[in-house]
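Here's the letter readout for the chains.
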Amino acid sequence: MFKSKDLLYHSIAILTVIIWGTTFVSTKILINTGLSPVEILLYRFVLAYFCILTIAHRRLWANCVKDEFLLFLSGLCGGSLYFIAENTALGITLASNVSLLICTAPIITTVLSHLFYKESLRKGLLYGSLVALFGVGLVVFNGSVLLKVNPLGDFLTLVAATMWAFYCLILKRLSRSYPTLFITRKVFFYGILSLFAYFAIFPLNIKPELLKLPVVYLNILFLGVIASMLCYIMWNTAVRALGASKTANYIYIIPLITLITSAIFLSETITIASGIGALAIIRAHPIIIGGMHKSSPV
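Residues numbered from 1 in each chain as written. Predicted model: local features only at pLDDT ≥ 70, side-chain atom pairs only at ≥ 80, totals over all residues. Heavy atoms only, no water.

Caption draft 1: Quick peek at the side chain of S194. Looking at the secondary structure, you find S194 in helix α8 (residues 180-201). Among the polar contacts listed, one links the side chain of S194 to the backbone oxygen of Y190, at a separation of 2.8 Å. At 2.9 Å, the side chain of S194 forms a polar contact with the backbone oxygen of G191. (Helix = DSSP H or I, 4+ residues; strand = E, 2+ residues; numbered from the N terminus. Polar contact = N/O pair within 3.5 Å; in protein donor to acceptor, adjacent residues only side chain to side chain.)

Caption draft 2: Region of interest: the packing of helix α2 (residues 37-53) against helix α3 (residues 65-92). Running from N to C, α2 and α3 point in directions that differ by 140°, and their axes come no closer than 9 Å. Relative to α3, α2 is oriented oblique. Crossing angle aside, the handedness with which α2 passes α3 is right-handed. Residues P37, V38, I40, L41, R44 and F45 of α2 form the contact with α3, whose own contacting residues are G78, G79, S80, F83, I84, N87 and T88. (Axes fitted to C-alpha atoms, helices over the stretch in contact; angles between N-to-C directions. Parallel < 35°, antiparallel > 145°, perpendicular 65-115°, else oblique. Left-handed = near helix turned anticlockwise from the far one by under 90°. Contact = heavy atoms within 4.5 Å.)

Caption draft 3: Examining the packing of aromatic side chains more closely. Per the counting criterion, the structure on display carries 23 aromatic pairs. Seen in terms of ring centroids, Y49 and F50 are 5.5 Å apart; in terms of plane orientation they differ by 75°. Their pairing is edge-to-face. Residue classification places Y49 among the buried residues on the basis of a relative accessible area of 14%. Relative to F199, the ring of Y198 lies with its centre 6.1 Å away and its plane at 70°, an arrangement referred to as edge-to-face. Since its relative accessible area comes to 10%, F199 is described here as buried. Each residue in the set W20, F45, Y82, F83, W164, Y167, F188, Y232 and W235 is aromatic and connected to the rest through ring pairs, giving one cluster. One cation-aromatic arrangement involves R59 over F182; the distance from NZ or CZ to the ring centre is 5.2 Å. (Phe/Tyr/Trp six-rings, centres within 6.5 Å; stacked < 30°, edge-to-face > 60°. Buried < 20%, exposed > 50% of the residue type's maximum accessible area, 1.4 Å probe, protein only. Lys NZ or Arg CZ within 6 Å of the ring centre and 35° of its normal.)

Caption draft 4: Layout of the pattern of salt bridges. A full pass over the atoms with the stated rule returns three salt bridges. With a closest N to O distance of 3.1 Å, D67 and R173 form a salt bridge. Here D67 is found in helix α3, whereas its partner R173 is found in helix α7 (residues 151-174), with 106 residues between them in sequence. (Salt bridge = Lys/Arg side-chain N within 4 Å of Asp/Glu carboxyl O.)

Caption draft 5: Structural context of the nonpolar core. Judged by nonpolar contacts, the single largest core of 83 residues is most densely connected at W20, I102, W164, Y167, Y232, W235 and I251. For this core, the leading source of residues is α7, giving twelve residues. (Core = buried A, V, L, I, M, F, W, Y, C linked by side-chain atoms within 4.5 Å.)

Caption draft 6: Representation of the environment of N236 within the structure. The residue N236 is located in helix α9 (residues 214-242) in this model. Considering only alpha carbons, one finds N236 and I183, 53 residues apart in sequence, at a separation of 8.3 Å. Aside from chain neighbours lying at most four places away, what touches N236 is Y167, L171, T180, I183 and T184. A polar side-chain atom of N236 sits 2.8 Å from a polar atom in the side chain of T184.

Caption draft 7: Summary view of the environment of G135. On the secondary structure map, G135 appears in helix α6 (residues 123-146). Under the relative-accessibility criterion, G135 is labelled buried at 0%. Apart from residues no more than four positions distant in its own chain, G135 is found in contact with G277, A280 and I281.

Caption draft 8: How the structure looks around helix α1 (residues 7-33). For α1, spanning 27 residues, the distance from its first C-alpha to its last is 40 Å, which sits close to the expected 39 Å at 1.5 Å a residue. At T23, α1 shows its largest kink, close to 25°. Note on α1: the residue one or two positions beyond its end, G34, has a positive phi of about 130°. (Expected span 1.5 Å × (residues − 1). Bend = angle between axes of the 7 residues up to and from the residue.)

Caption draft 9: Local environment of a nonpolar patch on the surface. On the surface, I92, L152, F155 and V159 cluster together into a nonpolar patch covering about 320 Å² of accessible area. In terms of residue count, α7 provides more of the nonpolar patch than any other element does, three residues in total. Mapped onto the elements of the fold, F155 is located in helix α7. (Patch = residues over 30% accessible without salt bridge, like charges linked within 9 Å, V, L, I, M, F, W, Y side chains within 5 Å. Areas by Shrake-Rupley, 256 points an atom, 1.4 Å probe, with all protein chains shown as cover.)

The following block contains the structure:
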């Protein structure tokens with residue numbers, strides 16, 4: 001099991017993904033209320049940025065231009081690009097589908113760790129990847145064929161998972177030299193900055209009257225303060241202590257939370273295909289973990 005000194009960081013990672021498992025439903029509620037995916041992202045990141053700015057405001061820049069560029073990339077991959085893809089997907093497919101397909105992020109992270117950090121690929125990882133891909137196939141089949149949901153949403157979710165994998169790898173590099181609060185603040189800053197570049201091409205249509213609705217401002221507060229500021233700090237802390245690949249594997253918990261909350265609050269149906277797909281994706285987790293530590297390299 002876990003070393004006693006790492007138990008706190010494993011607990012932090014688990015609590016983080018449990019909270020993130022509910023964000024798919026929260027975002028879906030906001031979209032159904034009339035907010036656009038990028039509008040939700042803007043409110044969420046601006047709120048999170050100014051909250052964290054109150055406790056981490058002394059240091060402005062990284063040690064060198066290269067590191068500042070890496071912080072910019074982290075804001076793109078873990079901020080704007082990730083959430084534009086994910087929130088857009090939530091607008092055109094099931095919340096449960098999105099949460100399940102996001103579970104490919106740990107596999108992508110592990111493969112990229114092999115490519116960029118020379119971490120060994122092992123047989124268990126490949127077997128687990130096949131099991132997870134089988135589950136992904138069932139989830140996509142369930143949405144696009146059985147429920148007639150646009151498969152573009154599933155594709156955008158896989159794009160988001162890839163962005164998150166790159167974010168974890170960049171974070172691993174940056175955490176060697178910079179404190180967690182500084183990195184997290186920079187992620188939100190560059191995420192917001194890149195959003196305004198997006199708005200230059202696709203103008204934002206803000207609906208201020210919707211912000212007066214309790215269901216809107218309460219969900220935005222939850223997404224901005226708890227799911228963004230607090231959870232990013234917690235996640236970055238866990239990655240610093242446990243490593244990118246090990247921490248990323250806790251993402252497999254997210255579908256369990258989302259499947260339950262989406263069934264309760266969104267009345268989404270859990271079909272046999274999606275159920276089997278969920279079990280396959282989740283079952284891949286211990287296979288991959290075991291393969292990372294026990295199996296022979298391939």
